[in-house]
Amino acid sequence: MDKKSKKAYTLTVESVYEILSDAQDDCEISRDLLLTYLDMDLSNEYISFLLSEVYWTSYSVIRVLEREIDTAVLTEDKQFLIAEDSLNILQSLVVSKHAALGELRGLSVSLEKN
């Protein structure tokens, strides 16, 4: 059985912390909006589903990045070395989150901070 060689990728420290900060903001805002929608007598389950998706994907991005930061390997030029598996997970989560955010914007629901 052939073993695939594991690939690693680099991300700048700034980009990792920017993604983490965005995920933390989206997690907090989507949680608050979800609680508001669930408390209201609105029967738009699709909006609640999309807010749940943003909350879950943001929370998952935070967990993946925190794990990567805790076990960080930095290159000589101070970039995070990230395993291919972790990067693939992050990519999938970010794409899912952005799709849900796009749907929410289409329904006039914004997660932007005031």
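The notes below deal with the structure included here. (Residues numbered from 1 in each chain as written. Predicted model: local features only at pLDDT ≥ 70, side-chain atom pairs only at ≥ 80, totals over all residues. Heavy atoms only, no water.)

Its identity as a non-glycine residue notwithstanding, K78 has a phi of 60°, on the positive side. Structurally, K78 is set in the loop between α2 (45-70) and β2 (79-83). By relative accessible area, which is 57% here, K78 ends up exposed. The backbone of S108 sits at a positive phi, close to 65°, despite the residue not being glycine. (Helix = DSSP H or I, 4+ residues; strand = E, 2+ residues; numbered from the N terminus. Buried < 20%, exposed > 50% of the residue type's maximum accessible area, 1.4 Å probe, protein only.)

Once that is clear, we can look at the environment of G106. In this structure, G106 sits in helix α3 (residues 84-106). Taking the C-alpha atoms as reference, G106 lies 34 Å from I69; in sequence the two are 37 residues apart.

Bringing helix α1 (residues 13-39) into the picture now. Its 27 residues give α1 an end-to-end C-alpha distance of 39 Å, which sits within 8% of 39 Å, the value for a rise of 1.5 Å per residue. Of the surrounding secondary structure, the elements contacted by the buried residues of α1 are β1 (8-12), α2, β2 and α3. (Expected span 1.5 Å × (residues − 1). Contact = heavy atoms within 4.5 Å.)

Here we come to the environment of L35. For L35, the location among the structural elements is in helix α1. Considering only alpha carbons, one finds L35 and S48, 13 residues apart in sequence, at a separation of 9.0 Å.

This brings us to the pattern of salt bridges. If you walk through the whole model with that rule in mind, you get 2 salt bridges. In this structure, K97 engages D26 in a salt bridge whose closest nitrogen and oxygen atoms are separated by 2.9 Å. With K97 in helix α3 and D26 in helix α1, this pair connects stretches of sequence that are 71 residues apart. For the pair K97 and D26, one class covers both residues: buried. (Salt bridge = Lys/Arg side-chain N within 4 Å of Asp/Glu carboxyl O.)

Moving on, we get to α3. In this model, α3 (23 residues) spans 33 Å end to end at C-alpha, consistent with the 33 Å of a helix rising 1.5 Å per residue. If you check which residues of α3 are buried, you get S86, L87, L90, L93, K97, A100, L101 and L104. Against β1, α1, α2 and β2 lie the buried residues of α3. Downstream of α3 by one or two residues, S108 has phi in the positive range, about 65°.

Bringing the nonpolar core into the picture now. V61, I62, L65 and L90 are the most contacted members of the largest nonpolar core, which totals 13 residues. Those elements giving two or more residues to this core turn out to be α1, α2, β2 and α3. Counting 12 residues, the second-largest nonpolar core is a separate cluster that includes I47, L50, V109 and L111. (Core = buried A, V, L, I, M, F, W, Y, C linked by side-chain atoms within 4.5 Å.)

Any functional reading would require information that these geometric values do not contain.
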